[in-house]
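Summary of structural features
Each chain, letter by letter, is given below.
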Amino acid sequence: METKLRIALQKKGRLFEDSYALLREAGIKFNLGNGRLVASATKFPIEVLFLRDDDIPQTVNDQVADIGIVGENELKEKGFKLKTVKKLGFSKCRLSLAIPKEIEYPGLSWFNEKKVATSYPKILKDFFSKKGINAQIHEIAGSVEIAPGIGLADAIFDIVSSGSTLVANHLKEVEKVMDSEAVLVSSQNLPPEKEAILDQLIFRINAVMASSSNKYILLNAPNDKVEQIVKILPGMKSPTVLPLAQKGWSSIHSVIKEDHFWEVIGQLKENGAEGILIVPIEKMIL
Ligand SMILES: Nc1ncnc2c1ncn2[C@@H]1O[C@H](COP(=O)(O)OP(=O)(O)OP(=O)(O)O)[C@@H](O)[C@H]1O
Ligand SMILES: O=P(O)(O)OC[C@H]1O[C@H](OP(=O)(O)OP(=O)(O)O)[C@H](O)[C@@H]1O
Ligand SMILES: [Mg+2]
C-alpha cells in the first residue's frame, strides 16, 4: 500500500483559502467533495483532513495527522511540542492587549486586579506571570472585543491585524504580546518514508514561495550602458544579455524582488533602459 502523508488543514476560515492555494500552486490538488472531512490528492502521496484550526495542533501531536497548517497563535495556545517546519507568510496577525480607548494607559501595571477577556488564556497567563501582573483571565471563545462594552471585562487579549475591529469596539491596542503567521508543523518523529514525502512537499512550497516574491524583468538598453545596468540587476546568478537586431542595443533579462524593482526603476531609466517588462514567475527552483 502506498505511503501517504496526512495533512490537517482548516476546513473553512482565514487559513483555508491560502493553505489550499499554496498546495494547488505546488501541484497538489484535492477533490473537495462538499462536506467531506478527508480527501486524497491527485499526483502526490498526500491526503488532507479538514478540521477547525483549534484542533490541528492536537491532531498532529496525537499523530492522527503527520503535518498541519495552523497559526502560531493557536500552536502556542495549545502548547504541544510540534516541529515548526516552515513559516508560510500568510495569515499574519498579532496577539495584543487592548483597553477602552478613553482610558489613560500608564503601563502594564494598569492590568493588576483587572479582568481580561480572551480566547488565548494560556498565552496570556504565561505573559502576565512573566511580567509579574496579577490579573483575572476570563476565557471566551469569540466576539471578544465586545466584552468591555458589555461589562464582562475591563480589557481584552485578542488577535489584531488591521486594528479595525478594535476601533469599531472603541478599544485601543496597548501591548503586543506576540506576532503570528501560518506555519507548517509536523510531529516530532515521522517515519523516514513520510519524512521523504515531507521533504518533497517543502521543496515545492519553497519553489512557490520564492516565485511569489520574485519577478522576471526584461528591458532594452544601449550597449554602453549594459555594464552599469547589470550592476543594478544582479539576478539569480547574473543577468542574460542578448544582442538586439538594432545595432548598438541589447536586451537584458534578470530576476528581481518586486519591492526592489520600485527602488531601482529610476536608475534603470537614467541608464537608458527602455521597454521594461515585469513578468510573474510561476515556479522558482533555487
Ligand atoms: N484578522 C486576521 N488577520 C490575519 N490572520 C488572522 C486574522 N484572524 C485570524 N487570523 C489567523 O487565522 C487563524 C484562523 O482564524 P479564523 O478566524 O478562521 O479562526 P476561527 O474563527 O477560530 O475558525 P475555526 O472555526 O476554524 O476555529 C487564526 O488562528 C489566526 O492565526
Ligand atoms: O484587526 P482586524 O483586521 O480587525 O482583525 C482582527 C479580527 O479578525 C479576527 O476576527 P474575524 O474577522 O476572523 O472574525 P471571527 O472573530 O469570527 O474569527 C479576529 O478574531 C479579530 O476579531
Ligand atoms: Mg478557531
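Here is what the cut-offs are and how they apply
Residues numbered from 1 in each chain as written. Chains lettered and ligands numbered in written order. Predicted model: local features only at pLDDT ≥ 70, side-chain atom pairs only at ≥ 80, totals over all residues. Heavy atoms only, no water. Donors = N, O, S within 2.8 Å, 3.2 Å for Na, K, Ca; no water. Buried < 20%, exposed > 50% of the residue type's maximum accessible area, 1.4 Å probe, protein only. Domains from an automatic or database assignment. Near = heavy atom within 4 Å. Polar contact = N/O pair within 3.5 Å; in protein donor to acceptor, adjacent residues only side chain to side chain. Areas by Shrake-Rupley, 256 points an atom, 1.4 Å probe, with all protein chains shown as cover. Nonpolar A, V, L, I, M, F, W, Y, C, P; charged D, E, K, R; others polar. UniProt positions renumbered as here; feature names shortened; annotations may be inferred. Helix = DSSP H or I, 4+ residues; strand = E, 2+ residues; numbered from the N terminus.

Around the magnesium ion (ligand 3), the protein contributes the donor atoms D53 (OD) and D54 (OD), at 2.0 to 2.1 Å from the metal centre. The buried category is assigned to D53, whose relative accessible area is 16%.

For the protein, the domain assignment lists domain 1 (5-91 + 181-190), domain 2 (93-179) and domain 3 (214-280). Centre-to-centre, using C-alpha coordinates, domain 1 lies 40 Å away from domain 3.

Around ligand 1, the surrounding shell holds 15 residues, and the nearest of these are Q10, R52, D53, D54 and N73. Between an oxygen atom of ligand 1 and a side-chain N or O atom of N73, the distance comes to 2.7 Å. When ligand 1 is considered free in solution it has 630 Å² of accessible area, and contact with the protein chains removes 76% of it. Considered class by class, the residues forming the shell around ligand 1 number three nonpolar, six polar and six charged. Looking at which domains feed residues into the shell around ligand 1, each of domain 1 (5-91 + 181-190) and domain 2 (93-179) supplies at least three.

This part covers the UniProt feature "domain: Histidine biosynthesis HisG C-terminal" (unreviewed entry) in the protein. Per the UniProt entry, the sites bearing "domain: Histidine biosynthesis HisG C-terminal" (unreviewed entry) are residues 213-283 in this numbering. Annotated as 30% helix and 41% strand, the span residues 213-283 places its first and last C-alpha atoms 11 Å apart.

Turning our eyes to something else, we now look at the site of ligand 2. Taken together, R14, E145, D158, I159, V160, S161, S162, G163, S164 and T165 form the complete shell of residues around ligand 2. Between E145 and ligand 2, the recorded distance is 2.7 Å, taken from a side-chain N or O atom to an oxygen atom. With respect to ligand 2, the side chain of S162 contributes an N or O atom lying 2.6 Å from an oxygen atom. Listing elements by their share of the shell around ligand 2, those giving two or more residues are strand 10 (155-160) and helix 5 (164-168). It is strand 10 that provides the largest number of residues to the shell around ligand 2, a total of three residues. Per-class residue counts for the shell around ligand 2 are two nonpolar, five polar and three charged.

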